[in-house]
Amino acid sequence: VNFWRTGDLRYWDVAQDSALHLADIDIAHVYPGNPKLNGIEHTCPNRGHFRQWWGGEPFGVSGNMDSSKCQSLYDMYHMTGDAWFLECGLLVASYSMNHTGGALRAIANRSTNLREAYEQTGDKKYWDENVAWLAKTLLPRGAAQRWDQNWMYGMGSEVLVDAYRQTGEPKYAQSAVNCCNSLITNYWKDDTVGVRPLVGFTLISFGHAYEFTGNEDYLKKGLLMLKATVDEYAGNVKNDYSWWRSATSQFPRGWRSGLGAI
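Note that this is a predicted model, so its numbers are computed, not measured. Residue positions are given per chain, counted from 1 along the sequence in the order it is written. Note on the predicted model: pLDDT of at least 70 is required for a residue's local features to be given, and 80 or more for side-chain atom pairs to be given and counted; whole-chain, interface and lining totals, by contrast, use all residues. Calculated side-chain values reflect all of the structure's heavy atoms, with hydrogen atoms and water omitted.

A. Structural view of the overall build of the protein chain. Along its length, the protein chain carries 12 helices and zero strands. Strands here mean DSSP runs of E at least two residues long; helices mean DSSP runs of H or I at least four residues long; both are numbered from the N terminus. Secondary structure elements in the protein chain, listed N-terminal to C-terminal, are α-α-α-α-α-α-α-α-α-α-α-α. Put simply, the protein chain has 262 residues, and 45% of those count as buried. By the convention used here, residues are in contact when the closest approach between their heavy atoms is within 4.5 Å. The long-range share in the protein chain, meaning contacts at least 24 apart out of those at least 6 apart in sequence, stands at 65%. For the exposure calls, accessible area comes from a 1.4 Å probe over protein chains only, and a residue counts as buried if that area is under 20% of its type's maximum, exposed if over 50%, partly exposed in between.

As structure tokens, this is what we get:
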């Protein structure tokens, strides 16, 4: 995204290096003994690239959907034309068709992987599985319900908004607002503290709720969260990445899908 916005080739070089690492190393192309695990991610962070972070494991995969991600691979495919990135992204989608996960980030990752595959191929099996999955997991969750781990809320909000923009169905937009209301109901401390920990991950929830309702309370809370992230978590790479992604994430997906930059 920084390369698109600035034309600075340093960002482009790093983006290619990062995507190649994801495609070539982070994704397990072949899992011995169980073809349905082809496309699973190696445990992250990958100590020595292939071992678990605890000792004694010569080969390790996560065994879940918590870190199964492939968005940047499709970006690289469209920017370079290199079909290897597309193949690896669709390999992750194939794994996602066969496996689920209970954590909110696993639900969000699976939904993203399936939606991306549908956008790239036009194969409805991916989209049908995605909306069926959202109906089982995120849509039934109410505004007062405590969702899984506050720092994952932004990921849940993102996939709900993606589904809304793909279909125009209000139920997805309402569930995104419910997501933010649940975050506030269950985790909000006060209008000075906001939500802890890892506030950067939740920023996008407030933006989505404000976008759909026009309620300035969501905007005020979101700006508080942004200030807290910048002031108190400076140097935390994971948080810096998350709040920056919250501000820029709609641009690449709009560019790829033809929905327009949001």
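B. Main features of the nonpolar core. Ranked by internal contacts, the top residues of the largest apolar core, which has 42 residues, are L138, W147, Y153, L160, W188, F206 and M225. Take this core: its biggest share by element is eight residues, from helix α8 (residues 170–187). What L160 contacts, discounting residues up to four positions off in sequence, is L138, L139, W147, Y172, S175 and A176. Within this scheme, the nonpolar core is defined by two criteria: the residues are buried Ala, Val, Leu, Ile, Met, Phe, Trp, Tyr or Cys, and they are joined through side-chain atoms within 4.5 Å.

C. Layout of the pattern of salt bridges. A pair is scored as a salt bridge if a Lys or Arg side-chain nitrogen falls within 4 Å of a carboxyl oxygen belonging to Asp or Glu. Per the counting criterion, the structure on display carries 10 salt bridges. Two residues, E211 and R165, come together in a salt bridge whose shortest N-O distance is 2.8 Å. Here E211 is found in helix α9 (residues 203–213), whereas its partner R165 is found in helix α7 (residues 153–167), with 46 residues between them in sequence. Looking at E211, the relative accessible area reads 43%, which means it is partly exposed. Salt-bridge contacts for E169 lead to K171; the nearest nitrogen and oxygen are separated by 3.3 Å. Overall, the relative accessible area of 34% leaves E169 in the partly exposed class. What emerges from the salt-bridge pattern is a single network uniting R115, E116, E119 and D162.

D. Just the packing of aromatic side chains, in detail. Working definition: a ring pair exists when centres of Phe, Tyr or Trp rings (six-membered ring for Trp) sit within 6.5 Å. Plane angles under 30 degrees give stacked, over 60 give edge-to-face, the rest tilted. What the rule picks out here adds up to seven aromatic pairs. A ring pair is formed by Y164 and F212, whose centres lie 5.2 Å apart and whose planes are at 85°; its orientation type is edge-to-face. Here Y164 is found in helix α7, whereas its partner F212 is found in helix α9, with 48 residues between them in sequence. Take Y164: its relative accessible area is 26%, and that puts it in the partly exposed class.

E. Structural view of the confidence of the model for the protein chain. Residue-level confidence of the predictor is summarised by pLDDT, bounded by 0 at the bottom and 100 at the top. Chain-level pLDDT for the protein chain is 82 on average; 79% of the residues reach the 70-or-more range. Mean pLDDT across the elements of the protein chain bottoms out in helix α12 (residues 250–257) (36) and peaks in helix α6 (residues 124–137) (96). Between residues 249–262, whose pLDDT stays under 50, and residues either more than four places distant or in other chains, the model counts 36 contacts.

F. Representation of the packing of helix α3 (residues 71–80) against helix α5 (residues 104–121). Convention adopted: a line fitted to C-alpha atoms gives each axis, helices being fitted over their contacting stretch, and angles between N-to-C directions are expressed from 0 to 180 degrees. Their axes nearest at 10 Å, the elements α3 and α5 cross at an angle of 20°. Overall, the two elements α3 and α5 adopt an arrangement that is roughly parallel. Of the two possible hands of crossing, α3 and α5 adopt the one that is left-handed. Residue-level inspection shows Q71, Y74, Y77 and H78 of α3 in contact with α5, the latter providing T112, R115, E116, A117 and Q120. All residues other than Ala, Val, Leu, Ile, Met, Phe, Trp, Tyr, Cys, Pro, Asp, Glu, Lys and Arg, Gly among them, are scored as polar; the first ten of these are nonpolar and the last four charged. For the contact of α3 with α5, the class distribution of residues is three nonpolar, four polar and two charged. Roughly parallel means an angle under 35 degrees; roughly antiparallel, over 145; roughly perpendicular, 65 to 115; everything else is oblique. Working rule for handedness: look at the near helix, and if it is turned counterclockwise from the far one by less than a right angle, call the crossing left-handed; if clockwise, right-handed.

G. How the structure looks around the side chain of S175. Tracing the chain through its elements places S175 in helix α8. Judged by relative accessible area, which is 4%, S175 ranks as buried. If near-sequence neighbours (up to four positions away) are discounted, S175 is found in contact with L138, L139, W147 and L160.

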